[in-house]
Amino acid sequence: MASSDTISDNSPALAAQAALLARPVTEERRMADAIRVLAMDAVEKAKSGHPGMPMGMADAATALFTKALKFDAADPAWPDRDRFVLSAGHGSMLLYSLLHLTGHAGMGIEELKNFRQLHSPTAGHPERGEHPAIEMTTGPLGQGISTAVGMAMAERMLAARFGKSLVDHRTWVIASDGDLQEGISHEAASLAGHYQLNKLCVLWDDNHISIDGDTAISFTEDVLKRFQAYGWAVKRVDGHNPTELAGALGWAQRNRKPTIIACRTIIGFAAPKKAGTAGSHGAPLGADEIAGARAAMGWNHPPFEIPEGIKTLWEQAGSRGGGARRSWLKRLARHPMRAEFERAMAGRLPENWTEALAAHRQKLAETKPKIGTRIASQQALAALVPSVPEMVGGSADLTGSNNTDVKGIPSIRPGDFAGRYVHWGVREHGMAAAMNGMALHGGIIPYSGTFLIFSDYLRPSLRLAALMRTRVVHVGTHDSIGLGEDGPTHQPVEILAALRAIPNLNVFRPADAMETAECWELALRRADGPSILALSRQALPALRDDAGENRSARGGYVLAEASGPRRATLIATGSEVSLAMTARATLEAEGVPTAVVSLPCWELFQAQPAEYRAEVLGTALRVGIEAGIGFGWDSLLGPDGVFIGMTGFGASAPAEVLYEHFGITPAAVVAAVQKRL
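Engineer: Please clarify how the overall build of the chain should be interpreted in this entry.
Structural biologist: Within the chain, the secondary structure is distributed over 29 helices and 18 strands. Its C-alpha radius of gyration of 28 Å places the chain within 12% of the 26 Å reference for a compact globule of 677 residues. Each principal axis of the C-alpha atoms in the chain carries an extent, and together these give about 95 × 60 × 45 Å. Expressed as a percentage of its 677 residues, the buried residues of the chain come to 61%. Of the roughly 24600 Å² that the chain leaves accessible, carbon and sulfur atoms contribute 52%. Distance between charge centres in the chain, computed from 67 positive and 71 negative side chains, equals 5 Å.

Rendered as structure tokens:
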């Protein structure tokens, strides 16, 4: 349905709007009108954007920021603030207007005038890092509400650890119809209901409009009954009635369940022709429509000008939480766990956190176990998790396969958040988003588990983690055709290449137990982005007996040097490194000096100086070996290199049969080198 068609079919919305505009103008209405005009003006100046949602949800946002939200504009990073997530990130001018009006530094009127312009904090969608009061990057629908579930979980878990005197806040979300349609929101909402996250509240902008027209063309379910089935408390209000909104917010604060408030609104409220239509959703209203909206509201001020009285009321709302923050600071000052709380919230790892891991690595050097790297990962976690109390693990219903649990570490349960392990259920996407929320909240370093193939199910949240630079660690087991009989549906031949394509994501594929321990250390040390560990199901031989330097820290290194001037360099990752070592032994016996390079993390290797990379890779024939597709290997092998791996999907058979069938064997490597030399 084109926007021109929808504009002419909005008489009920316009009639309702006329009745609302005819009511006596209150302070609350005027404060909400300030949001509306700023949204209209900024979108018009930028010649792009989404004015409709901010105009429709202005009354609800005003009620939230003046009546319920605990915050202090003077300190947007206050740890015990309420978290506010604009899941409907396309309506970013709602958030920017609120931050400006409440007096947040760095969000002046010039920033609003530069909406959607290069180097401005007022990006088209809210971007974490552009302003300290922007809690997360939103825009991909469903991500905000789902990430907020993780924030609410983090609050409960930290309250269990540090007590209510330090951790006692809520998580608020403004979500759209589109957010509630996306599948990820179903996963996350179900999870929130199961864990009874009573300090989570969603304000649903129930405006009945999507880009294509009325939501009825594709969306006819009873949303509130669905959320009731999840275990939420639900309420429906007039989204333009301050009294109803204030009452609903108070009800949400008293509830013992997560809550959703359906705010029935008119998109583009006050626009004389486009209100209640898709025409106000994602485009400037135009000068005539803006003039008509100003007249309808009785707003007689130039663009971007807010009357002093209205600005004063908003700034008072912005400082409303100052007393609560100062009281909290006094409690923090005398709290016996102050130092530990501040350390955890700052993301600093405990002192001596690597001691147990170093002892574990020394044991590995001595015993040289032949185990799957998923088992090696569990052993590394057994050393790390007790040493790093903010580590919170979990699995998407694959605990016994991912080996992400640690003996003695209890799970959380509904109403009991003292544990440090989460049973996420079969909800990979919701799990990854909630993990982002935990990391963004602060005080928790989350790690997950699933099969590597199912990273496709969580990829949008993983991409956002990379974009937001959040410290999350994903464990992806069963990482190649080496998983065997489960067959091609579960064999992630293309996944490594796809993951390596995501900027700011570190992909680790360790070759044995020693490298696995090293990669876990590197993933935890990393505070500026996510990591994923690709781990084997099948047992792999120990390749190293040195427990000193973390050799994986440079991403790649010479595991075995040639006996003379190199004639070939075998470059491999993960389970194929041992295969390369076997091939090297044969080639050396045949008089072909051959080196083996282990490359557990391409991203770290590419960050090394060019001289180091050239020294490791050498100038001899380069042969890449990986049980995945060869996409991306050209950058390492050069124009004359050889790749031995997969060219298509796998098959169902025992692992050793598959390696033979697909020609990923020491004999195949030897033959390839002999042919080229």
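Engineer: When you look at the sheet that holds strand β7 (residues 259–264) in this model, what are you seeing that I'm missing?
Structural biologist: Spatially, β1-β2-β3-β7-β6 is the arrangement adopted by the five strands of the open sheet, whose pairing is parallel. Single-partner strands in this sheet number two, and they are β1 (83–86) and β6 (233–238). Sheet twist, expressed as the average angle between the axes of neighbouring strands with direction ignored, equals 20°. By the bridge criterion, six bridges tie strand β2 (residues 171–176) to strand β3 (residues 200–206) in an arrangement that is parallel. Residue A175 lies in a different strand from β3, and its bridge partner there is W204.

Engineer: Would you take a moment to explain helix α8 (residues 143–162) for this structure?
Structural biologist: Owing to its 3.6 residues per turn, the α-helix brings residues three or four apart onto one side. Its 20 residues give α8 an end-to-end C-alpha distance of 28 Å, which sits within 8% of 28 Å, the value for a rise of 1.5 Å per residue. Where burial is concerned, most of α8 is hidden: 18 out of the 20 residues are buried. Within two residues after α8, G163 carries a phi angle of roughly 95°, on the positive side.

Engineer: Sorry if this is basic, but what is going on with the pairing of strand β16 (residues 594–598) here?
Structural biologist: Each regular strand shows side chains that alternate between the opposite faces of the sheet. Among the five residues that make up β16, five are buried, leaving the element largely enclosed by the rest of the structure. Burial along β16 is two-sided: T594, V596 and S598 and A595 and V597, pointing in opposite directions, are all buried. Here three bridges tie strand β14 (residues 557–560) to β16, and the two strands are oriented antiparallel to one another. Each bridged residue has a counterpart across the sheet, and for Y557 the counterpart in β16 is S598. In this sheet, β16 lies alongside strand β15 (residues 568–572) in parallel orientation, the contact comprising five bridges. Bridge pairing in β16 links I571 to V597. Read as a crossover between parallel neighbours, the route from β15 over helix α24 (residues 576–589) to β16 is right-handed.

Engineer: Where do I start with the pairing of strand β11 (residues 473–477) in this structure?
Structural biologist: With five of five residues buried, β11 is to be regarded as a mostly interior element. With burial as the criterion, each face of β11 is covered, one bearing V473, V475 and T477 and the other bearing H474 and G476. With helix α21 (residues 455–468) bridging strand β10 (residues 445–451) and its parallel neighbour β11, the resulting β-α-β unit is right-handed. The sheet contact formed by β11 and strand β13 (residues 531–534) spans four bridges and is parallel. Among the inter-strand pairings, V475 is bridged to a residue of β13, identified as L533.

Engineer: So what exactly am I meant to see when it comes to the layout of surface pockets here?
Structural biologist: Rolled over the atoms, a probe sized like a water molecule indicates the empty space that remains. Considering only enclosed or pocket space, the largest pocket measures out at about 590 Å³ in volume. Along the wall of the largest pocket there are 26 residues; nearest its centre are R128, M345, A439, L440 and G442. Elements with a minimum of two residues in the lining of the largest pocket: α16 (338–346) and α20 (428–441). Residues that form the lining of the largest pocket fall into these classes: 13 nonpolar, seven polar and six charged. Taken as a whole, the second largest pocket spans an internal volume of roughly 380 Å³. Residue lining of the second largest pocket: 20 residues in total, with A13, I209, D214, R264 and G276 positioned closest to the centre. The element contributing the most residues to the lining of the second largest pocket is helix α2 (residues 11–21), with four residues.

Cut-offs applied
- Residues numbered from 1 in each chain as written.
- Predicted model: local features only at pLDDT ≥ 70, side-chain atom pairs only at ≥ 80, totals over all residues.
- Heavy atoms only, no water.
- Helix = DSSP H or I, 4+ residues; strand = E, 2+ residues; numbered from the N terminus.
- Rg over C-alpha atoms; globule rule 2.2 N^0.38 Å.
- Buried < 20%, exposed > 50% of the residue type's maximum accessible area, 1.4 Å probe, protein only.
- Areas by Shrake-Rupley, 256 points an atom, 1.4 Å probe, with all protein chains shown as cover.
- Lys, Arg positive; Asp, Glu negative; His and termini not counted.
- Charge placed at Lys NZ, Arg CZ, Asp CG, Glu CD.
- Pairing = 2+ DSSP bridges.
- Axes fitted to C-alpha atoms, helices over the stretch in contact; angles between N-to-C directions.
- Expected span 1.5 Å × (residues − 1).
- Right-handed = clockwise from strand over helix to strand, strands pointing away.
- 1 Å grid on protein atoms, 1.4 Å probe; cavity = no way out; pocket = protein on both sides within 12 Å on 5 of 7 lines; lining within 4 Å.
- Points joined across faces, edges and corners; volume = space filled by probe spheres on them.
- Nonpolar A, V, L, I, M, F, W, Y, C, P; charged D, E, K, R; others polar.

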